[in-house]
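Residues per chain, in single letters:
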Amino acid sequence: MTIPPERDHQPGVVITLREVWEQGQETREIVGGLAADIGELVAVNRRLDSHSKTLVEHDGRLDKLEIAQAVVAAQQRPRTPWYVTVGAVVGIVTGLGALITLMTMLGQISAALTP
């Protein structure tokens, strides 16, 4: 194989008009597809924005409910254990029994001291 002299061939790459046209058509198709995809993404983005607003509103309402629940829980006294309630009832009954016995004894003492 012989190398032609410099003047017989051009240095570089030769691109024909047909190749340029085909590349332009491929680029046009790709850009058209991307434009359609962007249009779909815009619609999805709008839906997500509306959901985001709804979620923010729900979050605010939940925060208010949690604060109200915490306030109610903080203001509520703990339940009294059952043994404390039983002890209070037994103490009251015992105290009434002692009072009645004391009144009876005082009545007997006063009757004995009266001539």
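This structure is a prediction, so every number in the text was calculated from the model and none was measured. Along each chain, residue indices are assigned from 1 in the same order as the chain's sequence is written. Confidence filtering applies because this is a predicted model: local features only for residues at pLDDT of at least 70, side-chain atom pairs given and counted only at 80 or more, and all residues used for totals across whole chains, interfaces and linings. Calculated side-chain values reflect all of the structure's heavy atoms, with hydrogen atoms and water omitted.

Enquirer: If you had to explain the overall build of the protein chain to someone new, which residues and values would you point to?
Expert: Secondary structure counts use DSSP, requiring at least four H or I residues in a row for a helix and at least two E residues in a row for a strand, with both numbered from the N terminus. For the protein chain, the helix and strand inventory stands at two helices and zero strands. Its C-alpha atoms give the protein chain a radius of gyration of 49 Å, clearly above 13 Å, the size a compact globule of 115 residues would have. In terms of overall dimensions, the protein chain has C-alpha extents of about 160 × 35 × 15 Å along its principal axes. Exposed residues in this analysis have more than 50% of their type's maximum accessible area, buried residues have under 20%, and partly exposed residues fall in between, with area computed by a 1.4 Å probe over protein chains only. Per-residue burial for the protein chain yields a buried fraction of 0% across its 115 residues. Of the roughly 11,200 Å² that the protein chain leaves accessible, carbon and sulfur atoms contribute 66%. In summary, the charge assignment counts Lys and Arg as positive and Asp and Glu as negative, without counting His or the chain termini. Here the site of a charge means NZ on Lys, CZ on Arg, CG on Asp, or CD on Glu. When the 10 positive and 13 negative side-chain charges of the protein chain are each reduced to one mean point, those points stand 17 Å apart. What the globule rule says is 2.2 Å times the number of residues to the power 0.38, and the radius of gyration is computed from C-alpha atoms. Note on areas: Shrake-Rupley with a 1.4 Å probe; residue coverage comes only from the protein chains shown.

Enquirer: Summarise the environment of Glu57; cite the residues concerned and give the values.
Expert: If you trace the backbone, Glu57 turns up in helix α1 (residues 17-75). Once the C-alpha coordinates of Glu57 and Thr114 are considered, the two residues, 57 residues apart in sequence, prove to be 85 Å apart.

Enquirer: Hey, could you go over the packing of aromatic side chains for me, with residue numbers and the actual values?
Expert: The description of two aromatic rings rests on the distance between their centres and on the angle between their planes. Ring pairs are drawn from Phe, Tyr and Trp, using the six-membered ring of Trp, whenever the two centres fall within 6.5 Å, and their geometry is named by plane angle: stacked under 30 degrees, edge-to-face over 60, tilted for the rest. Considering all chains together, one arrives at one aromatic pair under this definition. Note on Trp82 and Tyr83: the rings are 5.9 Å apart at their centroids and 85° apart in plane angle, and the pair reads as edge-to-face.

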